[in-house]
Amino acid sequence: MEPVRILVVEDEVIVARTIANQLNQLGYTVIGTASSGQVAITKALEGKPELVLMDVILKGEMDGITAASQIREQLDIPVIFLTAYGDDNTVQRAKTTQPFGYIIKPFTPKDLRIAIEIGLLKHQLEQDLRENRDRLATLLNSMSDAVIATNEQGIVTFINPAAESLTGWKQADALGKDISRILQLVDEVTETSVENPVTRVLREQQVVYLNDFTSLITKNGSRVPIGDSASPIMRHPGQINGVVVVFWDLSERRQTQLLEQALLKEQEVNQLKSLFISTVSHEFRNPLSVIQSSVELIELQGENLTTDKRNTYLNRISSAVQSMKQLMEDVLFMGKSDAGKLECHAHPLNLKEFCRELLAEFTMIHPTSAEIIFSCESDRTDAFMDEQLLRYIFTNLLNNAIKYSPNGGNVLFQLTCDLIHQLAIFCVQDQGIGIPEADQARIFESFYRASNVQSIPGTGLGLVIVKKCVEAHQGQISIHSQAGVGSTFTVILPINYSSNAADEA
Ligand code: ATP
Ligand code: MG
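Residues numbered from 1 in each chain as written. Chains lettered and ligands numbered in written order. Predicted model: local features only at pLDDT ≥ 70, side-chain atom pairs only at ≥ 80, totals over all residues. Heavy atoms only, no water.

Per an unreviewed UniProt entry, the recorded name for the protein chain is histidine kinase, and the organism is Nostoc piscinale CENA21. Per UniProt, the comment on the protein chain under Catalytic activity (unreviewed entry) is "ATP + protein L-histidine = ADP + protein N-phospho-L-histidine." Its UniProt record gives the protein chain a comment under Function (unreviewed entry), which states: "Photoreceptor which exists in two forms that are reversibly interconvertible by light: the R form that absorbs maximally in the red region of the spectrum and the FR form that absorbs maximally in the far-red region." (UniProt positions renumbered as here; feature names shortened; annotations may be inferred.)

**Q** Looking at this structure, how should I read the sheet that holds strand E5 (residues 102-104)?
**A** Neighbouring strands of a sheet are bound in pairs by backbone hydrogen bonds; such pairs are parallel or else antiparallel. Judged by pairing direction, the sheet is parallel, and its five strands sit side by side in the order E2-E1-E3-E4-E5 without closing on themselves. The two strands at the open ends of the sheet, each matched to only one other strand, are strand E2 (29-34) and E5. Across the sheet, the mean angle separating the axes of adjacent strands is 20° when strand polarity is ignored. Sheet topology places strand E1 (residues 5-9) next to strand E3 (residues 51-55); four bridges connect them, and they run parallel. When the bridges of E3 are listed, Leu7 appears paired with Val52. Where helix H5 (residues 109-142) meets the sheet, its contacts fall on E1, E3, strand E4 (79-83) and E5, and the angle it forms with E3 comes to roughly 125°. (Pairing = 2+ DSSP bridges. Helix = DSSP H or I, 4+ residues; strand = E, 2+ residues; numbered from the N terminus. Axes fitted to C-alpha atoms, helices over the stretch in contact; angles between N-to-C directions. Contact = heavy atoms within 4.5 Å.)

**Q** Sorry if this is basic, but what is going on with the site of ligand 1 here?
**A** Ligand 1 sits among 20 residues. The nearest are Asn400, Tyr404, Arg449, Leu461 and Leu463. The contact in question runs from an oxygen atom of ligand 1 to an N or O atom on the backbone of Gly460, over 2.9 Å. Contacts to ligand 1 include Gly462, whose backbone N or O atom sits 3.0 Å from an oxygen atom. Considering ligand 1 on its own, with 600 Å² of exposed area, one finds that the protein chains cover 95% of that surface. Sorting the residues of the shell around ligand 1 by element identifies helix H13 (387-403), helix H15 (462-472) and strand E19 (486-494) as the ones contributing at least two each. Looking at the shell around ligand 1, the element that brings in the most residues is H13, giving three residues. The residue inventory of the shell around ligand 1, partitioned by class, reads ten nonpolar, seven polar and three charged. (Near = heavy atom within 4 Å. Polar contact = N/O pair within 3.5 Å; in protein donor to acceptor, adjacent residues only side chain to side chain. Areas by Shrake-Rupley, 256 points an atom, 1.4 Å probe, with all protein chains shown as cover. Nonpolar A, V, L, I, M, F, W, Y, C, P; charged D, E, K, R; others polar.)

**Q** What is the right way to look at the domain arrangement of the protein chain in this model?
**A** Partitioning the protein chain into domains gives domain 1 (5-139), domain 2 (143-249), domain 3 (255-338) and domain 4 (347-504). Here the C-alpha centroids of domain 1 and domain 2 sit 45 Å apart. (Domains from an automatic or database assignment.)

**Q** So what exactly am I meant to see when it comes to the UniProt feature "domain: PAS" (unreviewed entry) in the protein chain here?
**A** UniProt records the feature "domain: PAS" (unreviewed entry) at residues 132-205, using the numbering of this structure. Structurally, residues 132-205 is divided into 46% helix and 19% strand, and its ends, taken at the C-alpha atoms, are 27 Å apart.

Dropping the structure here:
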């Protein structure tokens, strides 16, 4: 290592020479000696020493303290004072020049060496500290995230340019203010103010994060959606000396999120539309091909066609037309309800009578081996409901109960009128194949069919329509089912449906 280069400022020539000799013997390089303040400044600027030994009292107009402060203004080097007195006044004046040490005369070469080495070390440490501070300041100032630091009372001690522009508070105004004035937060969903993260960190003594949908209220009152984290500053474990809050503008991200959501929704709607079209066309193709093949067979057999066969083909055609008609009706019904045109036109009716008539009609049109047993314990079953919608609901539920009970078994159709709560409770219970648990949550979706019904024909629209009719009545539908055991559909409707109640809901 190169020997340290030192300038000696001492107006006593002999003393100066003695010090220079001692320094040389100690292994330092003396770049020169100066006997006045002015000469010291000139020699320091020219010779660029790494350290100056400065006598406090110098002959001439300028004393050592003034010379030292002028050297320090221009060069970043340590100055060590040599003094014969340690009086308070001299020490106080010397202090203002941020000295790196004092050597009281007379001194030994050992004193000299210790003072020089401590001075050099102190200077090096100060330089490192300054560099670190500069580096940190540059980093914080060029950061795109906003940073605010506070002391342990929540008073702002630092704010970077990004935080200035996000909050609208200039550094000069923000420093010294309580953080709650600079960082005002509001919950976008509840519109209530959010507890300041600094207060939370000081209380909880740990890092805290903001909830989603938090906005900052800037100095001019506008709102910016932000995300943030706030961390305690701890110099010693368990003792908080302050808090640093890092936050960032989420406006753009929020916009992108909203756009993405809208796009996803549109994609879903488009997918649903395509699925709807392809399923409906597929469902039409089956009965159409039945009709086509039956017509071809009638034509092909011409006069050889027996009456029996002719009736079989005509029956096939008729049931194909019937299923196409049903599908058409379902699709039209769906369209109507999707367009929000499904209205509940309630009229007075007796539910017990209605159920009996519906069952009689149903069993006539759908002859089945299963027996449908109707029961009603209630005496008063007068209601105010839409008969057509009720017909849709129970025809579909009974249809399913029969269709999904290939091995027969009883179907129970039960009605109870709860006059206290003014509710009519209908249950349709079968002993059929049941619905696997994994499918139960989805059977009210359009075209959804459970995994155990492959061999049983169906479109997956019946329950969608049922649910819409129930909702049009301000009612509820629920299922209880177990695969292989059976299913119970429970429909609860207000006995006296009023359109006003629906409007208010
Ligand atoms: P369609 O539109 O002709 O009624 P679908 O009967 O398949 O066809 P939904 O009535 O909506 O359609 O029923 C949806 C699915 O729910 C059925 O495919 C079936 O998997 C299941 N499901 C409905 N009711 C029952 C029931 N009683 N027992 C077992 N599974 C049922
Ligand atoms: Mg069905």
